[in-house]
Amino acid sequence: MLRYVLLGAMLLMGCRTVSTSSEGKELGTIPNIMIDHDEESSDFIYGKSYETPPVPYSELLLTFEKGINKEWSDQCRVTVHAQGHWSAVGEIGYKVVSDDSKRDVAVREYSAGFDHRLQHYMWHTSRGAWPLMLRNLKTARERASAPDATEGSKANLAILEKSVEQYKASGWAPPRYFQDKDEDTAKTGAGEDFLYMHRKMIGRLTAYLKERNLSMIPAWKTLPKPDDKQFIVGPEGAKQLPDIKQDEYYYTTIRIWEEAYKIPVIDNPAIDKLAKLLLEGRKKTKTTAKTPSIEAAREEVKKLLAPTERYEFTGLKNMSLSAYGHLLEMTLHNDLHARYAFLNSAARPNVADPLDRTTWDQEWAEAFNGSNYDSLNDTFASHVNPWFYRIHGWVDDRIDDWLKANDHQSIGTKEECAKEAGNCYVWLSNETYTSNRGSDDPKILGDELPWEGPVVAEEKNASNTKQMSLHAHKAPTFTPDVIEATRGFRAPFESMNRRFVNPDLKR
Ligand SMILES: [Cu+2]
């Protein structure tokens, strides 16, 4: 067995490439790759222990390259090409110490199961893929019914119809989904889906841990400050980090949203309070001698509260739960994912589509099924990361803020609310939601639960042993031609790192 021990000194001297090739012949196996920093410390960058099953390789490329993004130029990326798959693993310099390793091991074991990954991936990607499919279907129908319709356009229509059918049949057709404009998405009620689905996720994990006498990962009560030692934003010693990981971003964006999103009514005194906070942040992080004026700070706050036209945070009292939830999702939530995602994490490439199970098992499973694949930027992996529940716990607590500001004591289904003594908000019962329109019978409001999609449940397999599976709920029935035809619809939504504040970013 070969063991590659790369000396930390090599990294300190700068990034460089080491490669070896044997024209397709198998050279041996890689049990693990470890970086030795000094006598005391070392990190596995491939494989998590000496017990990792060896991977056969025919070509081994160890690439230490400077990031293409110049902001990351002091970082090295490690790429390992092995047989049938590649993996770029290298959280070099990150020293993350779990505050409860027994709990975190259990969280990873639970969440890294393939069906759990697929569930989270499909839920998020479907909200974007579905409207694209519907739009394409419409165009395809027009083309196929034109007098000069080609065989190709008829075939295209056929596969789209089949795809839509299979999304529906397997439970992945969302009742509410992304619209072109975020204000319209909010109006459908989709913001409640976001809040509800993640609340359920947190609930199931909490129950799983409780059965094992473990307690749930606590939510962030306040978001970590830049100097937080436990929740770090970059590798140790990193000098340049992307904007979103900078101290300035925390003080002038994150902290402002964090405070603002708890305010019942945004009035002038509230704007003033936030402007002062922003000014304090600017003074702390700006190197220029010139201090911005309070007027400028006020304008900046207003911009932060209205990231797109006609979609503005006006206070908890003035917004529907969906408008609030969607705004949280697209701004602070997305940014927290991006801020706390490791820069050097393995990135699942666009072509690696977990729905394509055959290819997945052959080529990608080795690199991306393991419980160490937990990139906060990938919906197939983010929920494996214990920090995910700190972020989502914070988001979940905001539901309670909204209820309180709107004089509700609780939230629930129609049946649950019927049992409550106080003022209980029924999920999706806001009559202004477009998904609720078209009905003149107000009693049907709130009859529908927010959308979770199929969930992983316990089922017995062929040998009669229990396992967690999506099949117990609804079997995903996707045929290879549909998987192929819809791959591109899912790909743009794999990442949660969509920047609401950056409209130039493509969906
Ligand atoms: Cu999620």
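Predicted model, so just to flag it, every value in this text is computed and none were measured.

## Here we look at the overall build of the protein chain
Link 1 in the chain: Broken down by element type, the protein chain carries 14 helices and 15 strands.
Link 2 in the chain: When the 507 residues of the protein chain are sorted by exposure, 50% land in the buried category.
Link 3 in the chain: A separation threshold of at least 6 residues defines the contact pool for the protein chain, and within that pool the share at least 24 residues apart is 71%.
Link 4 in the chain: When the accessible area of the protein chain is evaluated, it comes to approximately 24600 Å², of which 51% is carbon and sulfur surface.

## Considerations on the coordination of the copper ion
Link 1 in the chain: Of the protein atoms, only His120 (NE2), His124 (NE2) and His198 (NE2) coordinate the copper ion, at distances of 2.0 to 2.1 Å.
Link 2 in the chain: Along the chain, the residues that donate to the copper ion are spaced as H-x3-H-x73-H. Pair noted here: His120 and His124 are both in helix H3 (residues 114-145), with a separation of four residues, about one helical turn. Across the pair, His124 and His120 agree in class, each one buried.

## With respect to the pattern of salt bridges
Link 1 in the chain: Counted according to the given criterion, the structure contains 29 salt bridges.
Link 2 in the chain: Across the pair Glu183 and Arg310 runs a salt bridge whose closest N-O atoms are separated by 2.9 Å. Of this pair, Glu183 sits in helix H5 (residues 182-188) while Arg310 sits in the loop between helix H9 (294-305) and helix H10 (321-340), and the two are 127 residues apart along the sequence.
Link 3 in the chain: Across the salt bridge formed by Glu484 and Arg487, the nearest N and O atoms sit 2.8 Å from each other. Remark: Arg487 and Glu484 occur in helix H14 (residues 480-490); sequence separation between them is three residues, near one turn of the helix.
Link 4 in the chain: What emerges from the salt-bridge pattern is a single network uniting Asp353, Asp356, Glu484, Arg487 and Arg490.

## Details of the state of the cysteines
Put plainly, two cysteines are in a disulfide when a covalent bond ties their sulfur atoms together.
Link 1 in the chain: This model, assessed by the stated rule, comprises one disulfide.
Link 2 in the chain: Disulfide pairing places Cys417 opposite Cys424 at an S-S distance of 1.9 Å. Classification of the bridge connecting Cys417 and Cys424 rests on its S-S torsion, roughly -60 degrees, and on that basis the disulfide is left-handed. Grouping residues by exposure puts Cys417 and Cys424 together as buried.

## Re the environment of Ser98
Link 1 in the chain: With respect to the secondary-structure elements, Ser98 resides in the loop between strand S11 (85-87) and helix H2 (101-111).
Link 2 in the chain: Exposure remark for Ser98: the relative accessible area of 32% places this residue in the partly exposed category.
Link 3 in the chain: Note: C-alpha distance between Ser98 and Trp387 (289 residues apart in sequence) is 10.0 Å.
Link 4 in the chain: A distance of 3.0 Å separates the side chain of Ser98 from the backbone nitrogen of Asp100, its partner in a polar contact.
Link 5 in the chain: Within the structure, Ser98 has its side chain in polar contact with the side chain of Asp104 (distance 2.6 Å).

## A short note on unusual backbone geometry
Link 1 in the chain: Although it is not a glycine, Asn213 adopts a positive phi angle of roughly 55 degrees.
Link 2 in the chain: Position of Asn213 relative to the elements: it lies in the loop between helix H6 (190-211) and helix H7 (247-260).

## Details of H9
Link 1 in the chain: The end-to-end C-alpha separation of H9 is 16 Å, in line with the 16 Å expected for twelve residues at 1.5 Å each.
Link 2 in the chain: When H9 is considered as a whole, its buried residues turn out to be Ala297, Val301, Leu304 and Leu305. Here the buried residues of H9 occupy an arc of 95 degrees about the axis, which is enough to place them on one side.
Link 3 in the chain: Elements in contact with the buried residues of H9: H7 and helix H8 (268-285).

## Focus on the packing of aromatic side chains
Link 1 in the chain: Under the counting rule described, the total for this entry stands at 23 aromatic pairs.
Link 2 in the chain: With centroids separated by 6.0 Å and ring planes inclined at 80 degrees, the aromatic side chains of Tyr340 and Trp387 adopt a geometry described as edge-to-face. Of this pair, Tyr340 sits in helix H10 while Trp387 sits in helix H12 (residues 386-405); the two residues are 47 residues apart in sequence, bridging distant segments of the chain. In terms of burial, Tyr340 and Trp387 fall into one category: buried.
Link 3 in the chain: Of the aromatic side chains, those joined through ring pairs into one cluster are Phe114, Tyr121, Trp360, Trp364, Phe368, Tyr373 and Phe380.

## Overview of the nonpolar core
Link 1 in the chain: Membership of the largest hydrophobic core comes to 108 residues, with the highest contact counts inside it found for Phe313, Leu321 and Tyr389.
Link 2 in the chain: The dominant element in this core, judged by the number of residues it contributes, is H3, at eleven residues.
Link 3 in the chain: Residues contacting Leu321, with those up to four places away along its chain left out, are Glu192, Leu195, Trp402, Ile411, Tyr425, Trp427 and Tyr433.

## Re the packing of H2 against H12
Link 1 in the chain: Packing of H2 against H12 brings their axes to within 9 Å, and their N-to-C directions diverge by 90 degrees. In terms of their interaxial angle, H2 and H12 are classed as roughly perpendicular. Taken together, the residues of H12 that come into contact with H2 (itself represented by Arg103, Asp104, Val107, Arg108 and Ser111) are Pro386, Tyr389 and Arg390.
Link 2 in the chain: Split into classes, the residues belonging to the contact of H2 with H12 amount to three nonpolar, one polar and four charged.

## Some points on the confidence of the model for the protein chain
Link 1 in the chain: Overall, the predicted model of the protein chain reaches an average pLDDT of 79, with 72% of residues at or above 70.
Link 2 in the chain: Confidence, expressed as mean pLDDT per element, reaches its minimum in the protein chain at helix H1 (residues 8-13) with 30 and its maximum at H12 with 98.
Link 3 in the chain: Taken together, the stretch residues 56-61 has pLDDT below 50 and engages in 37 contacts with residues farther than four places along the chain or on a different chain.

## Points about the environment of Pro480
Link 1 in the chain: Mapped onto the elements of the fold, Pro480 is located in helix H14.
Link 2 in the chain: Using a relative accessible area of 66% as the deciding quantity, one classes Pro480 as exposed.
Link 3 in the chain: Distance in space between the C-alpha atoms of Pro480 and Leu355 is 9.5 Å, their sequence separation being 125 residues.

## Some details on the packing of H7 against H9
Link 1 in the chain: Contact pair H7 / H9: the axes reach a minimum separation of 10 Å and the direction vectors enclose 70 degrees. Overall, the two elements H7 and H9 adopt an arrangement that is roughly perpendicular. Contacts from Thr252, Thr253, Ile256, Trp257 and Ala260 in H7 reach Val301, Leu304 and Leu305 in H9.
Link 2 in the chain: Of the residues belonging to the contact of H7 with H9, the class tally is six nonpolar, two polar and no charged.

Parameters at a glance
- Residues numbered from 1 in each chain as written.
- Predicted model: local features only at pLDDT ≥ 70, side-chain atom pairs only at ≥ 80, totals over all residues.
- Heavy atoms only, no water.
- Helix = DSSP H or I, 4+ residues; strand = E, 2+ residues; numbered from the N terminus.
- Buried < 20%, exposed > 50% of the residue type's maximum accessible area, 1.4 Å probe, protein only.
- Contact = heavy atoms within 4.5 Å.
- Areas by Shrake-Rupley, 256 points an atom, 1.4 Å probe, with all protein chains shown as cover.
- Donors = N, O, S within 2.8 Å, 3.2 Å for Na, K, Ca; no water.
- Salt bridge = Lys/Arg side-chain N within 4 Å of Asp/Glu carboxyl O.
- Disulfide = S-S within 2.5 Å.
- Polar contact = N/O pair within 3.5 Å; in protein donor to acceptor, adjacent residues only side chain to side chain.
- Expected span 1.5 Å × (residues − 1).
- Arc of directions from axis to C-beta.
- Phe/Tyr/Trp six-rings, centres within 6.5 Å; stacked < 30°, edge-to-face > 60°.
- Core = buried A, V, L, I, M, F, W, Y, C linked by side-chain atoms within 4.5 Å.
- Axes fitted to C-alpha atoms, helices over the stretch in contact; angles between N-to-C directions.
- Parallel < 35°, antiparallel > 145°, perpendicular 65-115°, else oblique.
- Nonpolar A, V, L, I, M, F, W, Y, C, P; charged D, E, K, R; others polar.
- pLDDT = per-residue confidence, 0-100.

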